[in-house]
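# Examining the three-dimensional arrangement
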Amino acid sequence: MRSAPRILALLAALAAGSAAAAGTLAGTTITNTASAEFPDPRDTNTQLSSVSNTVTTVVLPRPDFDVTYLSGATDGGTQTVLGTTTVVTANAVPGQVITTDHALLNNGNVTLDIILNADTTGSDPGATVQYYLVNPDGSRGSQIPQGSAVTVPADDPATSGTDEGRVRIVQVITLPTNPGQITPTSVFGASPEGTVLGTAGADPLVTPGNGYASGTTNQEQAEPVDTDLQFTRVTVYTPSLDNAAGGGATTPVDSVGAPIGNPALLPPLTSVTVPTVPAGTSATPAPVLPGSGYVTPGAPATDPTPGGTPIARISGDEQIAYPQADANTTADTVLFTNTLSNGGVLDDRVQLFPALADGTADPAYTFNAATGTFTNTATGVTVRFLDPVTGSVILPSTDPANPTVATYPTLIVPSGTQAVYRTEVTFPDPDDSAAIPSYSVLIGADSLSDADLISNNSTRDTVVPPAAQFGDTTPALGAVATPAPVQSVDPGGAATDGSSSVSTDATAAFPMDVVNNGQYNDSYSLRGSVTVTDAVTGATTTLPVQYYAADGTTLLPRLNTDPASPDYHTFITPVLAAGSESAFVAAVTVPAGTRAADYTVTQTASGNYSRTSVTDANDLIRVTPTGNVAVAKFAAKAGVTAGSDPRNGIDNPAGYTATGLTGARTQEDIAYRIIARNNYNTPVPMFLRDTVPTNTTLKSFTVNPLPTRTIYRVGGNTGTWTATPPAAGLPAGTVIDIAPDTDSNNLPDPVAPGSTLTVDFVVTVQ
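Conventions adopted
Residues numbered from 1 in each chain as written. Predicted model: local features only at pLDDT ≥ 70, side-chain atom pairs only at ≥ 80, totals over all residues. Heavy atoms only, no water. Phe/Tyr/Trp six-rings, centres within 6.5 Å; stacked < 30°, edge-to-face > 60°. Helix = DSSP H or I, 4+ residues; strand = E, 2+ residues; numbered from the N terminus. Buried < 20%, exposed > 50% of the residue type's maximum accessible area, 1.4 Å probe, protein only. Contact = heavy atoms within 4.5 Å. Polar contact = N/O pair within 3.5 Å; in protein donor to acceptor, adjacent residues only side chain to side chain. Core = buried A, V, L, I, M, F, W, Y, C linked by side-chain atoms within 4.5 Å. Pairing = 2+ DSSP bridges. Axes fitted to C-alpha atoms, helices over the stretch in contact; angles between N-to-C directions. Domains from an automatic or database assignment. Buried area = accessible area lost by both parts, 1.4 Å probe. Salt bridge = Lys/Arg side-chain N within 4 Å of Asp/Glu carboxyl O. Nonpolar A, V, L, I, M, F, W, Y, C, P; charged D, E, K, R; others polar.

### Structural notes on the packing of aromatic side chains
Going through the model one piece at a time under the given rule, you end up with 15 aromatic pairs. Ring plane angle 45° and centroid distance 5.6 Å describe the contact between F374 and Y408, whose orientation is recorded as tilted. Of this pair, F374 sits in strand 23 (residues 373-376) while Y408 sits in the loop between strand 24 (381-386) and strand 25 (410-413), and the two are 34 residues apart along the sequence. For the pair F374 and Y408, one class covers both residues: buried. Ring-pair connections join several aromatic residues into one group, and the members of that group are F353, F367, F374, F385, Y408 and Y421.

And the structure:
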């Protein structure tokens, strides 16, 4: 007797999902005949028997049925309500199929047609519920349409080991995929519910039927309606994703969920220098500050920054790239590293896409699924997501096992891991002068384990490109590159600073602007020069440009204060905020003796971080003619030393004096030498004029030294230039002009700056 409880428990377990036989099958005929046994009165040694009539009894139906879990879980009670059932499937995903095995049990002694329906009380709409017979081998059989009957025979007690009173079925719940029908808060469920329609007549001996009164609807085990159910509850998975900046990961995986074993592929957060010095800071040739960030390994060739663009991590959900400028107009590329963490209990598949703030896909981008490329046709920006190990483009998943269909590039992210991916942002680089916007991409990460196409978590990658404009100042923001302003100077005037722009001094001043048309703070190095020519020697000299603040009196800081340094004439602007400008004055002092001409000033403004380089080469310095023509006349006199008797800055030649002869006899000659020096800084077409003195006649008039061609004019301005020398003997008072004419155009030749024109004028005393 001590083993009785164990035996009962074993019997109960064996009976789970089995029909509890009600005994002899209905319709069985029970017959009985009695007999009287007695000794033969005639012969007491003989026993006699007398048989009675036979009595016949028909076993009537005793119906009973139930629907149970095949697992052995008890039904009824808490299982009758969706919210309290203990049969639960958690973390289901859209489109998931949930199966629950059940049994239809005939616990009576008569065959029953059990009508099967689904009770979905308390379930959200959208799921489909179906029932199927289960074949003897466990496979799924034919579908049982709801509202139809399944014939379940009574268990025959005569067949040991066979339970004819049990029919196995499977309940199949298919979750919806329409985002309007399933969310992480949705609850679905169902319970099979069996009923039997009575068929017994008023006289059970005449019309026994199934034992239930004809026309009645009978519940399982004669319980009240909806009190003996077997619910399965289904709750929906809530993805737990964190889409973040940088490559920090403790359990990193690549785009297909494989562990990343090479730590070099995961850029650690370190210190990077980025242009974040506050605007207005002066004397800052390196306008950078250290900050938390990284450089993505394997920067592409189209990254404009040598060694890769530094990326500063502003927060867990934003990072900013600060590319430098390059020398071409090819589109530039910056490569970000992002990390997507899966904190959920399920392995997940996650699609990536440019998103709006509400998590929906950004309509500004079109997507090419074959190339994995998002293109913003308005800005020219393209975005691709790359595997961190192979560098290959991540494409949309086509795996039929995905809970929902993937539209965009898809990552496989096992539970508890962090998928590392690269975000390649390619942006236009038409030139480095026009104002350029920043390019910011909000990257959405949408789990395929939910039904909608809305980002579960997003991160922002932003590129702030550089641009600068440099040229002559304008009232509005910006600089003019093409006006070719002209500043006139007098090389013989006083040297000034940049505050004066008058043409009577030796300093040319050009108001200039440098404009930060980029998207980050920067300072600029200014350097300029102009090459001028000495009027007399023809030698050239390169003059540096001096840069003053806008007031024209305060020099900007020099890059190097050592006059021997090649950077001594490089000046530094204050740090300019993005979208602002700095006004200053470029000044050049022209030395005395500079040839009169137009000289082009070449200037360059270079971004000290951005490496933008903008040249202005259209400012002109116009050196005006300045000086005089000095003339001295000397008379021949023996014994006079050269230079002993100068006049008007011109030395007397040897044998000539500026004071004249001591006397001359009639019929003797007076020899004069006339010297004119061009003291201008530009060639001057020049001729010499003299008048035959009183009491003399002309003997000769010649250029010394004799040029290849000489022209003469008699009678002053009313005369005509000719190559024929004037005749000797012209009388006193005759005006005679003389000049070299090497180009034979009958016009006096120009005399170079610092050069002289010498003629010998000889007359005879009458």
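### Points about the environment of S455
Checked against the element boundaries, S455 lands in the loop between strand 27 (439-447) and strand 28 (457-463). Once the C-alpha coordinates of S455 and V206 are considered, the two residues, 249 residues apart in sequence, prove to be 70 Å apart. Leaving out residues up to four positions away in the same chain, S455 has contacts with F353, G359, G444, A445 and D446. Among the polar contacts made by the side chain of S455, one reaches the main-chain carbonyl oxygen of N457 at a distance of 2.8 Å.

### Considering the nonpolar core
Core analysis: the largest hydrophobic core is formed by 32 residues, its most contacted members being F336, L340, F385, L411, Y421 and V463. In this structure, M512, V530, V588 and V623 belong to the second largest nonpolar core, which totals 27 residues.

### Structural notes on the sheet that holds strand 10 (residues 166-174)
Strand order in the open sheet formed by five strands is 3-5-10-7-8, with antiparallel pairing between adjacent strands. The open sheet terminates on both sides in strands that have one partner only, identified here as strand 3 (65-69) and strand 8 (140-143). Taken pair by pair, the neighbouring strands of this sheet meet at an average axis angle of 35°, ignoring direction.

### Structural notes on the domain arrangement of the protein chain
With domains assigned, the protein chain is organised as domain 1 (5-59), domain 2 (65-236), domain 3 (241-463), domain 4 (470-623) and domain 5 (629-765). Inter-centroid distance (C-alpha atoms) of domain 2 to domain 3 is 52 Å. On the domain 3 side, the residues contacting the seven residues of domain 2 number eight residues. Both sides of the domain 2 and domain 3 interface together cover about 570 Å² of buried area, and 75% of this is carbon and sulfur. The three residues of domain 2 that bury the most area against domain 3 are N91, V93 and P94, which together make up 66% of that side's buried surface. In this structure, the connection of domain 2 to domain 3 is made through zero salt bridges. The tally of links between domain 2 and domain 3 comes to zero residue pairs in polar contact (both at pLDDT 80 or more). Here the side of domain 2 that touches domain 3 is composed, by residue class, of four nonpolar, three polar and no charged.

### Points about the pattern of salt bridges
One pass over the structure, following the stated rule, counts twelve salt bridges. In this structure, the salt-bridge partner of D598 is R622, at a minimum N-O distance of 2.7 Å. Of this pair, D598 sits in strand 38 (residues 598-607) while R622 is found in strand 39 (residues 613-623), placing the two residues 24 residues apart along the sequence. Measuring nitrogen to oxygen at the nearest pair gives 2.6 Å for the salt bridge that ties K633 to D690. One end of the pair, K633, is in strand 40 (residues 629-636); the other, D690, is in strand 44 (residues 688-691), and 57 residues separate them in sequence. The class for D690 is buried, based on a relative accessible area of 11%. When salt bridges that share partners are traced, they join R689, R713 and D737 into one network.

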